[in-house]
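Each chain, letter by letter, is given below.
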Amino acid sequence: MNDTTALQAELDLLARNLRWFYDRPTRALFEDLASRLGGVTGHDPMAVIQAFDADAFAAVGSDSELRDRIADLAAALRDELAGAPALDPGQRVVAYLSAEFALCDPLKTYSGGLGVLAGDHLRSASDLALPLVAVGLAYRDGYFTQTVDGTGNQVSSPAPNDLARSAAVPVVDAAGRRVVVHVPMGDGEVAVQAWRLSVGRVPLILLDTDIEGQPEGHRAITWHLYGGDRDTRIRQELVLGVGGVRMLHAMGVDPSLYHLNEGHAAFAALERLGVYRRAGQDLATALASVRGELHFTTHTPVPAGHDTFDHGLAAYHLAPLSHHLGVPFDQLWDLATGPGFPVWNQTVLALKLAERTNGVARLHGEVSRSMFASLWPHRDVANVPIDHVTNGVHPTSWTGPEIAELLDGYVPGWRRGTDPAAWQALRDLDPAVLWDARQRARARLLSAVQARLQRRAQRTGVSAGGEGLDPQALTIGFARRFATYKRGTLMLRDMDRLGEILSDTERPIQILVAGKAHPADRDGQAVLRQLVEASGDPRLAGKLVFVEGYDLELGGLLTSGCDVWLNTPLRPKEASGTSGMKAAMNGGLNLSVLDGWWDEAVSDQGRHAEVGIGWSIGDRAPVTDVTERDTADAAEVYRLLADEVGPTFYDRDEAGLPQRWLKMAIDAIVLLSPVYSTHRMLGDYARRYGVEGA
Ligand SMILES: *Cc1c(COP(=O)(O)O)cnc(C)c1O
């Protein structure tokens, strides 16, 4: 192999494995390579290698330092891949099915928190060498790209995925032909092909119906992420659930356990039922066999978040499958409905057919047990068989470079470990060093934000605000989907009061806001518009800005650079939330309603804090009057900002250090990062899966 061929193979390996997203040295390599090419950014390693021509190969080949760097990174990746667990028949293998995965910004295969969690699940499974294969959908168009016009309207542009030019490779058989499976629906069999991606050691199989020669109605099934009507949705879910199981089998993978990440994948249960029925089991025996191999995670306490299909639609699309199963449709209907759940409900189906089911935080487990208690009329709510596994975030993906460097020095095992005792070493850290890291992280964030604001101002011809931003000022982040229960405008309830707090000349505070509203959610778009309008309100003096285009990069910048992470959902509607965990890992302090993960962090880890891990808004009292609660919570936010958060941040010693603040930041990192990590979460799941990592 000559050197150009070797170099090409190494770059190809590094660009195609989505490990680059969380491996900083690989990411830096592609940024450096991009800067030599002109016209490409390092944002997408596939675009970088596609822009490589003979001159570029020659130039890199003759730069021995760069050449060695590439060879070393490729060797490290090959070593890591050599430790991948076998996925052969006979081994215990987990199939993880999800409608979305957030892998990197160039691949638009996610819409929000569910996808980010699924992506972190895979990244962590790779680190821990768990025998896991993931299955999702190959969307031709991902969730939209967001810009905001001069008057605060969200503009959504298409976010295409050009799979053929992406890191994905076609799934083929031994003869090099595409593997195709068929999924029965109301109007016939739909052909499904697949693409394979690698997330470190974990394979991700994306299913695609856009096959030439297939009727347009079938080709279109995987065109849009969560796009279209109920008919498209049930078709997508048939492809994911039924097609996912069939594709794995066609590829020679025989999972011992299927993890359904949210109800979208619930049809996998019916396909497995068919497998046991065809093997001659009666319905009761087949149901018991299926139950033993299913694990289901439910992700939201908001009823609209659970997929339902009316009788006509379900009967139409499930008729062929019901025939195939030898189970009349009426009996299938009974599996997906129940007291209080009158129409086909994917969550109900998954709850009834999976032996193990869980919510994503302790409080969410509790809320889910009462939400679905009517399905178990003979049990007390406390004995409804829904457990919880609290979510986490992938440490290497979400820790900014400044804090990662400190952890490398003090907690050498932080990238893979979860032993809380190991983090205690950080208590020896010189507060001045931590402060310096935090200041640099904030400055990095603010310069990225200024650049984004400038781009928007140039595009719209209207100032995007931000004239009051100061890289030294206490910076609060608020970034999330603008669903109304998240109460994005809570902080705007008293603009005079907020203005007073932000403009305190001794203790200035600034707020960075980002997030998308679903294009069909008018209320969510109104929330967004109000936030953009507020950014131009003279009372706030340019100290609140809306940063458009919330994506993984912006999510990482905000959670690693903000001093405080604000979260104001209406309790208990936030199932878990994970952005606050990212902030905590970076030494950011949470200012949050006692909901989702924060509710249990305060009860469990908060007790061990030397000074505190953050601030809680309100208490755990049930909400009786929403308006009253909004008013009370807003007042509490203002009070905490003015009396606690601001004074703690600006209370400096003679060296200019906010000693108490820095102690809180250490408490947050030490106590929260080993617990709210996907490594801990994967450990919890692995015990329930009955598998072990390396
Ligand atoms: C972490 C993250 C999320 C999920 O955070 P929540 O707290 O659940 O809202 C969503 N989008 C992006 C880009 C993220 O980085």
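Since we're looking at a predicted model, the values are computed, not measured.

Caption draft 1: Molecular detail of the overall build of the chain. In terms of regular secondary structure, the chain is built from 26 helices and 20 strands. Taking 2.2 N^0.38 as the reference for a compact globule, 694 residues should give roughly 26 Å; the C-alpha atoms of the chain span a radius of gyration of 25 Å, in line with that estimate. Overall size of the chain, expressed as C-alpha extent along the three principal axes, is 80 × 70 × 50 Å. The proportion of buried residues among the 694 residues of the chain is 58%. Residue pairs in contact within the chain that sit at least 24 positions apart in sequence constitute 73% of those at least 6 positions apart. Here the chain has roughly 25700 Å² of accessible surface; of this, 50% comes from carbon and sulfur atoms.

Caption draft 2: Structural view of the pairing of strand β15 (residues 474-479). Within β15, six of the six residues are buried, leaving the element largely enclosed by the surrounding structure. Relative to strand β16 (residues 509-514), β15 runs parallel, the two being bridged by six bridges. Following the sheet pairing, Ile 476 is matched in β16 by Ile 511.

Caption draft 3: Molecular detail of the site of the ligand. The immediate surroundings of the ligand are formed by Gly 113, Val 116, Trp 398, Tyr 550, Asp 551, Gly 555, Gly 577, Thr 578, Ser 579 and Lys 582. In this structure, Lys 582 approaches the ligand through a side-chain N or O atom, which is 2.6 Å from an oxygen atom. Considered on its own, the ligand offers 390 Å² of accessible surface; in the complex 92% of this is hidden by protein. Of the residues in the shell around the ligand, the class split is three nonpolar, five polar and two charged.

Caption draft 4: Local environment of the packing of helix α1 (residues 3-16) against helix α5 (residues 64-82). In contact at an axis separation of 9 Å, α1 and α5 are set at 55° when each is read in the N-to-C sense. Relative to α5, α1 is oriented oblique. Classified by chirality, the crossing of α5 by α1 is left-handed. The segment α1 lies against α5, with Asp 3, Ala 6, Leu 7, Glu 10, Leu 11, Leu 13 and Leu 14 engaging Arg 67, Ile 70, Ala 71, Leu 73, Ala 74, Leu 77, Arg 78 and Leu 81. Tallied by class, residues from the contact of α1 with α5 come to eleven nonpolar, no polar and four charged.

Caption draft 5: Structural view of the side chain of Gln 525. In this structure, Gln 525 sits in helix α20 (residues 522-535). A polar contact of 2.9 Å, which involves the side chain of Gln 525, links it to the backbone oxygen of Pro 519. Residue contacts for Gln 525: discarding those within four places in its chain leaves Gln 154, Ala 517, His 518, Pro 519 and Ala 520.

Caption draft 6: The arrangement of empty space enclosed by the protein in detail. The final tally for this structure, using the stated rule, is three cavities of 30 Å³ or more. Of the volumes computed, that of the largest cavity is approximately 60 Å³. Per-class residue counts for the lining of the largest cavity are three nonpolar, seven polar and three charged.

Rules and cut-offs
Residues numbered from 1 in each chain as written. Predicted model: local features only at pLDDT ≥ 70, side-chain atom pairs only at ≥ 80, totals over all residues. Heavy atoms only, no water. Helix = DSSP H or I, 4+ residues; strand = E, 2+ residues; numbered from the N terminus. Rg over C-alpha atoms; globule rule 2.2 N^0.38 Å. Buried < 20%, exposed > 50% of the residue type's maximum accessible area, 1.4 Å probe, protein only. Contact = heavy atoms within 4.5 Å. Areas by Shrake-Rupley, 256 points an atom, 1.4 Å probe, with all protein chains shown as cover. Pairing = 2+ DSSP bridges. Near = heavy atom within 4 Å. Polar contact = N/O pair within 3.5 Å; in protein donor to acceptor, adjacent residues only side chain to side chain. Nonpolar A, V, L, I, M, F, W, Y, C, P; charged D, E, K, R; others polar. Axes fitted to C-alpha atoms, helices over the stretch in contact; angles between N-to-C directions. Parallel < 35°, antiparallel > 145°, perpendicular 65-115°, else oblique. Left-handed = near helix turned anticlockwise from the far one by under 90°. 1 Å grid on protein atoms, 1.4 Å probe; cavity = no way out; pocket = protein on both sides within 12 Å on 5 of 7 lines; lining within 4 Å. Points joined across faces, edges and corners; volume = space filled by probe spheres on them.

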